[in-house]
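# Fold and geometry: a report
So the chains spell out like this:
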Amino acid sequence: MPLLLALTFAALLVHGYHPFAEDAEIYLPGVEKILNPNLFPVGQEFFSSHASLTLFPNLVAWFVGGTHLPLEYTLFLWYIASIFLLLLACWELSGLCFSSVRARCAAVLMVAALLTIPVAGTALYIADQYLNPRDLAAFAGVFAVARSVETKYGKALLWLVFAAAVHPLMWVFPFSFCVLLIAMRYYEQRSSGIGKRETVVGAALLFMVAIPLAPRTGVAYHEAAKLHSFHYIQNWAWYEWLGALAPIALFWWFARIARARGWRAMELVSGAFMIYDAIYFVAALALDLPPRFESLARLQPLRSLHLLYMVMFLTIGGLLGEYVLKERVWRWLALFVPLAAGMWFAQGQLFPASAHVEWPGVEPRNRWAQAFWWVRKSTPVDAVFALDPRYMAIAGEDEIGFRCLAQRSRLADAIKDNAVVSMFPLMADAWWAQVRSQSPWSKLQLSDFENLKRQYGASWVVVQQPGVSGLECAYENGAVKVCRIP
């Protein structure tokens, strides 16, 4: 346990921590709204849609209320705990697949070193650089797989229930894998060669049931869908297709090695992942290629690769530890030091204007974050802000969420609110109307901001330097100005 805890902090230093970045803009406002019901009088539908489907905001808010810790410290502690539990789950699963301690250590080290590696074309990492429900569902999924390998199905079900409680989608993938594992074990006991084929066909048919339920969508939803092209496998680059299909060959190779060494659990898991990957790939094609099923692509079948990649890298690490690294310290250093350094460098390129680890209680280094922090401390709780709809994509902004950091309402944006709309098509028209009213942002003048105030109640605006003439600005730094709309 102490070594796993040390590895957790080492992973934090390698991969960084950015508590208000990316999807935190979707998940954290639900927590903040529970802690202070007066927040977000406008636009709460863009995060409450997710919050209503998960216990994540309730659990975090309950912890804050019970411990009286500030939210920033709670998020940090929960993030550290989620990484620790993921590595612990990998340690337990590796113990079922490998017999030697060196293989298990290498397996867990490999996962720790690659926490923020992209998962094919899914726009996911193994673990994000901030706390969100996926991080909690991730370790629960690996624990569920480990318990299923041990045939402790009751405990596996409890982990799956927890995963379902914190994330409405990510629990489906470990659940389906565990069902597949049970089915394979059952058919092998019957010595039936037809069983595996029946399992594949039966599981694939489950996806077909959802196709007639595809809701009709309009122009607004199509605009939202275009901005999330990674939902659609036809838009993936060739190397992303390779990232989805190559694991089938890898797990076939893993199964052969396991069979030769008599590693029964690893052989079973590898065989199940071959079928699992194939099923979800076919499902992605079935839901993506016909234009009528555009809205069903939001189910994102290839998010199944998230669980697969965790186990794949765990297996690669274990095999390297067993056959290559062995007891040679220099080999371990030659593999993991450059790997960790490369991941550290990559994270620095993703968040170049922010501190690598944004410690709780420390003033942010990022200029946009400084402005958002001023907004939290210095503006009325019911203030409504307008920003560039694509502000999170501006160089130097580092994808920091205004709503979650400033804790103020804002009009719809074209990046994170768009992600919400892609999952909830009925919100598309309202979202698209607000985005169009703020576009093209670079050409808006004082009269346009006054229209936003009359139409949507926006009372403040955040603009890049040098700003817009006629606005009275209460705060500015080298990147942005925060101004009142007359």
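Higher on the page you've got the structure.
In this report, we go over the structure that sits alongside the text.

### Here's the deal with the packing of aromatic side chains
In the structure shown here, the tally under the stated rule is 34 aromatic pairs. On the numbers, 5.3 Å between centres and 85 degrees between planes, the contact of Phe273 with Tyr276 is edge-to-face. Residue Phe273 and its partner Tyr276 are both found in helix α13 (residues 264-288); the two are separated by three residues, about one turn of the helix. Pairwise contacts between aromatic rings join Phe173, Phe177, Phe251, Trp253, Phe254, Phe273, Tyr276 and Tyr280 into one cluster. The side chain of Arg104 reaches across the aromatic face of Trp91, ending 3.9 Å from its centre.

### Side note on unusual backbone geometry
Of note, the bond from Ser439 into Pro440 is cis; its omega dihedral lies within 30 degrees of zero at -5 degrees. Within the secondary structure, Pro440 sits in the loop between α19 (428-437) and α20 (446-456). The omega torsion across Gln465 and Pro466 is 10 degrees, close enough to zero to call that bond cis. Its place among the elements puts Pro466 in the loop between β3 (460-464) and β4 (472-476). The backbone of Ala120 sits at a positive phi, close to 45 degrees, despite the residue not being glycine. Its location among the elements puts Ala120 in the loop between α6 (101-113) and α7 (133-149). Given the relative accessible area of 18%, Ala120 is considered buried.

### Overview of the packing of helix α5 (residues 71-97) against α7
Relative orientation of the contacting elements α5 and α7 amounts to 20 degrees, with a least axis distance of 9 Å. The orientation of α5 with respect to α7, classified from their angle, is roughly parallel. At the point where α5 passes α7, the crossing takes the left-handed sense. Every residue of α7 that contacts α5 at Trp78, Tyr79, Ser82, Leu85, Leu86, Leu88, Ala89, Cys90, Glu92, Leu93 and Leu96 is listed here: Asp135, Leu136, Ala138, Phe139, Val142, Phe143, Val145, Ala146, Arg147 and Val149.

Procedures and definitions
Sequence positions are assigned chain by chain, starting from 1 and proceeding in written order. Per-residue local features are limited, in this predicted model, to residues with pLDDT of at least 70; the limit for side-chain atom pairs, both in listing and counting, is 80 or more; totals at the level of whole chains, interfaces and linings are taken over all residues. For the side-chain quantities, the full set of heavy atoms in the structure was used; hydrogens and water were omitted. For Phe, Tyr and Trp, where Trp contributes only its six-membered ring, two rings pair if their centres lie within 6.5 Å, and the inter-plane angle classes them as stacked under 30 degrees, edge-to-face over 60, or tilted in between. Put simply, DSSP marks the helices as runs of H or I at least four residues long and the strands as runs of E at least two long, and each gets a number from the N terminus on. In this scheme, the term charge over a ring applies when either NZ of a lysine or CZ of an arginine sits within 6 Å of the ring centre and within 35 degrees of the ring normal. Here the term buried applies to any residue with accessible area under 20% of the maximum for its type, exposed to any over 50%, and partly exposed to those in between, with areas from a 1.4 Å probe on protein chains only. Lines fitted to the C-alpha atoms define the axes, with helices restricted to the stretch that makes contact. Angles between their N-to-C directions range from 0 to 180 degrees. If an angle is under 35 degrees, it is roughly parallel; if it is over 145, roughly antiparallel; if it lies from 65 to 115, roughly perpendicular; otherwise it is oblique. Throughout, a crossing is termed right-handed when the near helix is turned clockwise from the far one, and left-handed when it is turned anticlockwise from it by less than a right angle. We call two residues in contact when some of their heavy atoms are within 4.5 Å.

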